[in-house]
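Chain residues, written in single-letter form:
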Amino acid sequence: MPAQAATLSKGYALKIALLYLLIRGIPNWLLYILSALPAETAAYLLEQHGTWLQYVYPVMPLRVLSLPAGFQNALALFPVLIIEVLFVFLFSTWLIRRHTGPARGTSTRGWIVMIVMTLIWSCAIRHQLLAYVQALSIDALRARQDDANWFADLPGLMMKANWRLTAIAYATIPLWAWLPVWAHFRCAKKTVEAADESTAAPSPTTEAVNPHPRVPLHRTTVFASFLLGCFAVHIALVQAVYLGLWPWAAESMQINIPRDALSVMSVPLTLSQIVFAGLMCALAAYVYARRAGVAAASSRSLVVKPLLAGIATYLLTGLFLLALIWFSVWLNPALGSSVMKAVTRAPESGLAFAIALNLGAMALLCLMASRMGASPRRWSAVLAALILGAAVPAYVGWKLAGSNLGIAGGTPGMAVTGKLGDARWRNMEQWCTGVVDTAHGTWLVGRNETSADEAAYVPKGTPDLSQLLNEDDADTGSQRGGMFGSRPVLTTLARLQDDGTFKIVATVPDVACLVASPASDTLFLFTGMDRPDSASSTEPEQTVVFRSTDHGASWEWMKSGFMSNVESLAWDVKPTFTSERDVWAWGNEPFSEEDESDGAWGASEIADSSEIAESAESAESVESVESAESAESADSYTSSESSPARQSNGERERIPTALFYSNDQGATTTVVYAPEPLIAPASYLRELTGQPKADFSNRRDMDQERFVVQIDDTHAYAWASEFMWYRVGEDSHRLMLTTRAELSRSTPQGEWQITTIKRQPDVRVAHLSTSHDGRTYAILQDREGEWLAKLDTKTGEWVERQRTPALLPAWMAENRTTARYFWSNGDYQVVSEWGDTVVSRLLIPFMKARAEVKTDAHFYTRDGGRTWHQLAIPGYLGVMGLSPRSSKVYWSKGNAYSDDEALQWEYDLAK
């Protein structure tokens, strides 16, 4: 009886699986029958009988344009069907082991239930669900047809729709495979129970003593479980490669394969990647089932362990092949690019490579299946070691690529700031645009290279602030046609409304920067617009500045300009408000004879200063990061306190600097004088470098960062940091120098005086930000790297130094990034790092030298830089501003060219 029961059980389970395959395969067969018919016949059938065909016609995901259509059809249909049948078989064997009665026989009613349930449940209901999901995607695509970027966005939209439908199809497999099987066995069980009740057993028999004879489906169940795990992983990887990696590689490497060649490749790809791969997994499952022990009858030993073994075997094989390819590319870095170029020129050449790879993979997969069946623990340990080894390059690749794409990092308190009428409202530039958050409103400044007449994305009737310049109907508009010469520029000014949407309230036909005073939120709009031709000759030459004292409800043109002595181009003024009326700004550095002369510096002082600098650098070289704060008390500034100034008629000569001050919101301006220039004379630089013939003639054309912080009504600090290159003969050298000036005045209404100047070699203040409550943080650069530091307002020294973040640990990669942008509101600091991350060839072997990967990453800290957290924000223009009053950082997914989602996003750094 056991042998007979085993035969019955195997035949019974196979019948159910094959019947399910037959019924579920009807839509697939119909698809290929229709494709084999003449085009006119197929079109006639679809037109005349499309109503009923839609219930059984297979639903296809939207096709990826860079892949063969026939291969995508096979990839969507066959794997789902095979995996469903494996699920049906495993469900059947599980129910047979629990209820052996149905294995001894069945009734016509049970098979009818199976057929009807499969037809209705799997063919009708499921197809309608998938068709509904597909219809949503198609409607979304049609709704985008009127957008200007419709065709450029089409591949990405189709990719998302394909993944969505594919994920739903695979996620619903267990439910759709289980219900018809359960209904069939439910009906068969009732039939057997009724037959048993009608038959009376007069005496105990063998069957009565052992009413549940052994049903040894063990080896067959192990085979199916291993095959399910192995084949499912293969299909998942194929989906990821062909529907994820390949379209990305084709776009980034500009691989354009002709449509005819794509059609020719569909059949070979189907045979090699689906049909042959399925047979290969089945062969490996057969090898595993013969080697594995199947004495136990539990679900764990028959299903779970073989399923995991199938997954592990495939991964082990894949990692061995990947290691072999990795080693080959390491030996020959040009191998990868040459193969891609060969496939582009002659796509058929890739078939031979695919065939050879499949044959090698089949042999290795069978070998791994045999070893896994014989020694599962040993080879599982080998797999774990390989996964740990592969995790390092995978992590490096994820951090580098994910940071640039904006998918690596945290999303604290992610929320929508507001909806936009058009994504172009948030287009960013490298200056002056983004979100400006005030106590009375949230503003969004966007800029596009277009004229006001061509800007269809701006609602009609939006005020044009250039009309405020209209005097006697004179022509108003940008006389320069934009800061890029002939190219027009349009700046939009949108404000967040109470209903959560942004509304454009004004436009400017030129570059414009929005700045708010800290107390009353008086708004200033610094533009690049030239004054109208009718402007008086007595007026300043500064470009137009607008002001609003009612939080943007109305604007006025400041005819007298804003600190007009500082800069003629208004948007380049960059004012620093330290109170409602106190404003500072930096202008052009005045030329001084001391750029080349000895000036107020004596040779003996320079020598002493150099010795101090050298001793300070030696101390700093052995100073640990943890003791940086305590070492700040012995700061390495070289000093010229009370340094001798020139005498003119018995009085100290005062030299004008590039620093300007206004105590009336920029209406008037006074220049700040100093006993000597803030920019160090060339004689000092030569003494500092020890190169008497060093050429610093081009230093004024190099990077210079300047900042000012007003501590109270009578004290302030100013910094001028230079990053310069100089020449000694034919060689070029780099030098960093920071000059710090202390300012004071006797009364709050008095004149500011620079009383002390200190210079610090090899240090640069790259960024500085002061919060509304007076806390100042800066990004410092020195020979040791970059630091976040806090200003001690009593001494003017930088304290609490902490290293700026790095994308990868030092043992993984060399960090050559630097802070591009920096924001601080006192409680939170946000920094955008950009530059090269240098990775070893062992991790990225596709280059002959170490890989220098361009990266952009955004980080924030809540504890003054002791711990940093990465933000999932794409691109170097992703961060659009930090709220000065809250924990919100505003960001976007890129400009409208890369992402046309009409939303403005924010993170809450407190969460």
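The structure displayed is predicted, hence computed values, not measured ones. (Residues numbered from 1 in each chain as written. Predicted model: local features only at pLDDT ≥ 70, side-chain atom pairs only at ≥ 80, totals over all residues. Heavy atoms only, no water.)

(A) The overall build of the chain, seen in detail. For the chain, the count of helices and strands is 17 helices and 31 strands. Within the chain, the fraction of its 911 residues that count as buried is 48%. Once local pairs closer than 6 in sequence are excluded, the contacts in the chain between residues at least 24 apart make up 67%. Total accessible area on the chain stands at roughly 43500 Å², and carbon and sulfur atoms take up 57% of it. (Helix = DSSP H or I, 4+ residues; strand = E, 2+ residues; numbered from the N terminus. Buried < 20%, exposed > 50% of the residue type's maximum accessible area, 1.4 Å probe, protein only. Contact = heavy atoms within 4.5 Å. Areas by Shrake-Rupley, 256 points an atom, 1.4 Å probe, with all protein chains shown as cover.)

(B) Geometry of helix α5 (residues 108–143). Helix length check: α5 (36 residues) gives 51 Å between terminal C-alpha atoms against 52 Å at 1.5 Å per residue, within 8%. Most pronounced at Arg126, the bend in α5 amounts to some 25°. (Expected span 1.5 Å × (residues − 1). Bend = angle between axes of the 7 residues up to and from the residue.)

(C) View of the sheet that holds strand β30 (residues 888–891). With antiparallel pairing, four strands are arranged side by side in an open sheet as β1-β31-β30-β29. Edge positions in the sheet fall to β1 (415–419) and β29 (879–882), since each of these pairs with one other strand and no more. The sheet shows a mean angle of 30° between the axes of neighbouring strands, taken without regard to direction. (Pairing = 2+ DSSP bridges. Axes fitted to C-alpha atoms, helices over the stretch in contact; angles between N-to-C directions.)

(D) Broad picture of the sheet that holds strand β27 (residues 851–861). Overall, antiparallel pairing links the four strands, which are arranged β25-β26-β27-β28 in an open sheet. This sheet does not close on itself; its edge strands, each paired only once, are β25 (813–824) and β28 (869–871). Within the sheet, the average angular offset between the axes of one strand and its neighbour, ignoring direction, is 40°. Contacts from helix α14 (residues 376–405) reach β26 (829–839), β27 and β28 within the one sheet, and its direction differs from that of β27 by about 70°.

(E) Structural view of the pattern of salt bridges. Under the criterion given, the structure shown has 22 salt bridges. Here Arg426 and Asp899 are joined by a salt bridge, their closest N and O atoms 3.9 Å apart. Taken together, the residues Arg426 in the loop between β1 and β2 (434–438) and Asp899 in the loop between β30 and β31 (903–908) connect sequence positions 473 residues apart. Three or more residues are tied together by salt bridges with common partners; here these are Arg24, Glu84 and Arg126. (Salt bridge = Lys/Arg side-chain N within 4 Å of Asp/Glu carboxyl O.)

(F) Layout of the environment of Ile779. The residue Ile779 is located in strand β22 (residues 776–782) in this model. Along the sequence, Ile779 and Phe822 sit 43 residues apart, while their C-alpha atoms lie 7.8 Å from each other. If we ignore the near neighbours within four places in the chain, the residues touching Ile779 are Arg764, Val765, Ala766, His767, Glu786, Trp787, Leu788, Thr804, Ala819 and Phe822.

(G) Structural view of the packing of aromatic side chains. Counted under the stated rule, the structure contains 22 aromatic pairs. Summarising the aromatic geometry, the rings of Tyr12 and Phe185 are spaced 5.6 Å apart at their centres and angled 80° between planes, so their arrangement reads as edge-to-face. Residue Tyr12 is found in helix α1 (residues 2–24), and its partner Phe185 is found in helix α7 (residues 173–198); the two are separated by 173 residues along the sequence. In this structure, Tyr12 and Phe185 share a single accessibility class: buried. Ring plane angle 70° and centroid distance 5.0 Å describe the contact between Phe71 and Tyr242, whose orientation is recorded as edge-to-face. Of this pair, Phe71 sits in helix α4 (residues 69–98) while Tyr242 sits in helix α9 (residues 218–252), placing them 171 residues apart in sequence. By the ring-pair criterion, three or more aromatic residues cluster together here, those being Phe524, Phe526, Phe562 and Phe577. (Phe/Tyr/Trp six-rings, centres within 6.5 Å; stacked < 30°, edge-to-face > 60°.)

(H) Spatial organisation of the environment of Val830. Relative to the helices and strands, Val830 resides in strand β26. As a C-alpha pair, Val830 and Val879 span 49 residues in sequence and 9.0 Å in three-dimensional space. In contact with Val830, other than residues within four places in its own chain, are Tyr821, Phe822, Trp823, Phe859, Tyr860, Leu882, Val889 and Leu909.

(I) A look at helix α6 (residues 150–171). End to end, α6 covers 31 Å across 22 residues, agreeing with the expected 32 Å (1.5 Å per residue, within 8%). Of all the bends found along α6, the most pronounced is centred on Gly156 and spans about 25°. Taken together, the buried positions of α6 are Trp150, Asp153, Leu154, Leu157, Met158, Met159, Ala161, Asn162, Leu165, Thr166 and Ala169.

(J) Geometry of the nonpolar core. If you look at the biggest cluster of nonpolar residues, it comprises 61 residues, and the most contacted ones within it are Ile16, Phe226 and Tyr288. In terms of residue count, α4 provides more of this core than any other element does, 10 residues in total. (Core = buried A, V, L, I, M, F, W, Y, C linked by side-chain atoms within 4.5 Å.)

(K) Here's a closer look at the pairing of strand β4 (residues 490–496). By the criterion of burial, β4 is predominantly enclosed, with five of the seven residues buried. Pairing of strand β3 (residues 441–448) with β4 involves six bridges; the strand directions are antiparallel. Residue pairing in the sheet places Asn448 in a bridge with Leu490 of β4. As judged from the six bridges shared by β4 and strand β5 (residues 502–508), these two strands associate in the antiparallel manner. Opposite Arg495, over in β5, you have Lys503 as the bridge partner.

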